[in-house]
Amino acid sequence: MERHKQLEHDLVDMTMIQALRSGMDVMLERDNNVVVFGQDVGYFGGVFRCTEGLQAKHGKTRVFDAPISEGGIVGAAVGMAAYGLRPVVEIQFADYFYPATDQIVSEAARLRYRSAGEFTAPVTIRMPCGGGIFGGQTHSQSPEAFFTHVSGIRTVMPSNPYDAKGLLIASIENNDPVIFLEPKRLYNGPFDGHHDRPIVPWSKHEKGKVPSGYYTVELDKAAIVRPGEALTVLTYGTMVHVALEAAQASGVDAEVIDLRTLWPVDLDTIVASVRKTGRCVIVHEATQTSGFGAELTTLVQEHCFYHLEAPIERVAGWDIPYPHVHEWHYFPSPQRVQDAYRRALGSVPTVDNGRTGGQ
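Just so we're clear, the structure is a prediction, and the values are computed from it rather than from any experiment.

Undergrad: Help me understand the overall build of the protein chain, please; the structure alone is not making it clear to me.
TA: Counting its regular elements, the protein chain contains 12 helices and 16 strands. For 359 residues, the compact-globule estimate of 2.2 N^0.38 gives 21 Å, and the protein chain sits close to it at 20 Å. Expressed along its principal axes, the backbone C-alpha trace of the protein chain runs to roughly 60 × 45 × 45 Å. Burial status across the protein chain gives 56% buried among its 359 residues. Looking at the protein chain alone, contacts between residues at least 24 apart form 79% of all its contacts between residues at least 6 apart. Here the protein chain displays about 15,000 Å² of accessible surface, and carbon together with sulfur accounts for 52% of that area. When the 32 basic and 42 acidic side-chain charges of the protein chain are each reduced to a single mean position, those positions are 2 Å apart.

Undergrad: Whenever I open this one, the pattern of salt bridges confuses me. Can you help?
TA: Where side chains of opposite charge bring their charged atoms close, a pairing between them can arise. The full count for this structure, using the stated rule, is 17 salt bridges. A salt bridge links Glu-245 to Arg-197; its shortest N-O distance comes to 3.6 Å. Of the two residues, Glu-245 is situated in helix H8 (residues 239–250) and Arg-197 in the loop between strand E8 (178–183) and strand E9 (209–211); the sequence distance between them amounts to 48 residues. Note on Arg-197: relative accessible area 43%, which makes it partly exposed. In this structure, the salt-bridge partner of Glu-313 is Arg-343, at a minimum N-O distance of 3.0 Å. Within this pair, whereas Glu-313 is found in strand E16 (residues 313–317), its partner Arg-343 is found in helix H12 (residues 334–344), the two being separated by 30 residues in sequence. In this structure Arg-343 comes out as buried when scored by relative accessible area, which is 6%.

Undergrad: Would you mind showing me how to read the side chain of Asp-258 here?
TA: Mapped onto the elements, Asp-258 comes out in strand E13 (residues 254–258). Despite its burial, Asp-258 remains without a salt bridge, the nearest opposite charge being carried by Arg-260 at 5.6 Å. Polar side-chain contacts of Asp-258 include one of 2.6 Å to the side chain of Ser-159. Here the side chain of Asp-258 touches Arg-260 through a polar contact of 3.1 Å, landing on its backbone nitrogen. Here Asp-258 is in contact with Ser-159, Asn-160, Asp-163, Ala-222, Ala-223, Val-225, Thr-235, Tyr-236, Gly-237 and Val-240, once residues within four sequence places are set aside.

Undergrad: Help me out: how do you make sense of the pairing of E16 in this one?
TA: Consecutive side chains of a regular strand alternate in pointing toward one face of the sheet and then the other. For E16, the tally of buried residues reaches 4 of 5 residues, placing the bulk of the element in the interior. Pairing geometry for strand E15 (residues 280–287) and E16, over 4 bridges, is parallel. Opposite Ile-282, over in E16, you have Arg-314 as the bridge partner. For the crossover from E15 across helix H10 (residues 292–304) to E16, the handedness is right-handed.

Undergrad: Can you walk me through the sheet that holds E8 in this structure?
TA: Strand order in the open sheet formed by 7 strands is E4-E3-E5-E6-E8-E7-E14, with mixed pairing between adjacent strands. With one partner strand each, in any of the chains shown, strand E4 (63–65) and strand E14 (261–263) form the two edges of the open sheet. Averaged over neighbouring strand pairs, the angle between their axes works out to 20° when direction is ignored. Packing of helix H7 (residues 161–173) onto the sheet brings it into contact with strand E3 (34–38), strand E5 (86–90), strand E6 (124–129), strand E7 (154–156), E8 and E14, and relative to E8 it is tilted by some 160°.

Undergrad: Would you mind showing me how to read the sheet that holds E16 here?
TA: Pairing between sheet strands relies on hydrogen bonds along the backbone, with the strands arranged either parallel or antiparallel. Taken in spatial order, the 5 strands line up as E11-E13-E12-E15-E16 in an open sheet, and their pairing is mixed. The outermost strands of the open sheet, each flanked by one partner alone, are strand E11 (223–226) and E16. Sheet twist, expressed as the average angle between the axes of neighbouring strands with direction ignored, equals 25°. Against the sheet, H10 touches strand E12 (231–235), E15 and E16, its axis set at about 160° to E15.

Rules behind the numbers
Residues numbered from 1 in each chain as written. Predicted model: local features only at pLDDT ≥ 70, side-chain atom pairs only at ≥ 80, totals over all residues. Heavy atoms only, no water. Helix = DSSP H or I, 4+ residues; strand = E, 2+ residues; numbered from the N terminus. Rg over C-alpha atoms; globule rule 2.2 N^0.38 Å. Buried < 20%, exposed > 50% of the residue type's maximum accessible area, 1.4 Å probe, protein only. Contact = heavy atoms within 4.5 Å. Areas by Shrake-Rupley, 256 points an atom, 1.4 Å probe, with all protein chains shown as cover. Lys, Arg positive; Asp, Glu negative; His and termini not counted. Charge placed at Lys NZ, Arg CZ, Asp CG, Glu CD. Salt bridge = Lys/Arg side-chain N within 4 Å of Asp/Glu carboxyl O. Polar contact = N/O pair within 3.5 Å; in protein donor to acceptor, adjacent residues only side chain to side chain. Pairing = 2+ DSSP bridges. Right-handed = clockwise from strand over helix to strand, strands pointing away. Axes fitted to C-alpha atoms, helices over the stretch in contact; angles between N-to-C directions.

So yeah, pure geometry; function would need other evidence.
Right, here's the structure in full:
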């Protein structure tokens, strides 16, 4: 259950950047063990300005810059956490987490287990992820499936400012290490996949109204953002808005579920929805092969097989490096999602398996 004690007049229009900053600000004030650090997050305020002003407010011992060493950043955070601190570290782009893989997988994720519960690693690792900003192959990746494969860590990806702040606070308070992925295409407004349309600001979206103080959003609870009867859509991050746009444009009565936390995943909400609708479409931006959609497909097949009226459909990025010139051919478009809806409903032949064709 989401919990906050804010009155209606305490709601403030925030972008996702501002909501994330507010979440860190709240926790820096509430808990002296919280520290924030990473590349350029101190004086400069982060490459996307998510930490702007926090060092000036909370001091250089609470919010500070780190050398250009992802392994060093995460490694130091694990050591701090073992001694009682709650580090919130930023990897400047999710594409740069690879040098810290050993520290994430072999140290942070294993510390509670290998110490028989004597030590924990309450580390929150923030990472801007995803495409839609012409970042090219090394600034556009969606590596969430790497982390969901690792026992001992949680993986979170919000789709709006309200959830971003509540989930971030819950992540910082959690005693497990949390990979907190931030779809950077959503930093300043919701994005429905139509890159040729004017940008819509978060101030015009209900989820852009955020409590100014403390509240949390449960880490293992999905949100049904659009109730429906015809089919179930499982998605997260930027693709939540693309899935909603596809439902509106196609007229399909889709039930759209924003997973919010990828692992642990809210299996109860997934199963209840698919058993109700009998059809399932899975949408994510990451490449299809071994993407998180494969795990979702398996879970639906295992728990809902006798309720399915059609094969499970997946819409995902292509199995290639993220292209710069052909950004919008790679990015799962509302049209591709609409086509998947129609295939799931049996109105068009099933020909697009996510590897060839598509729009």
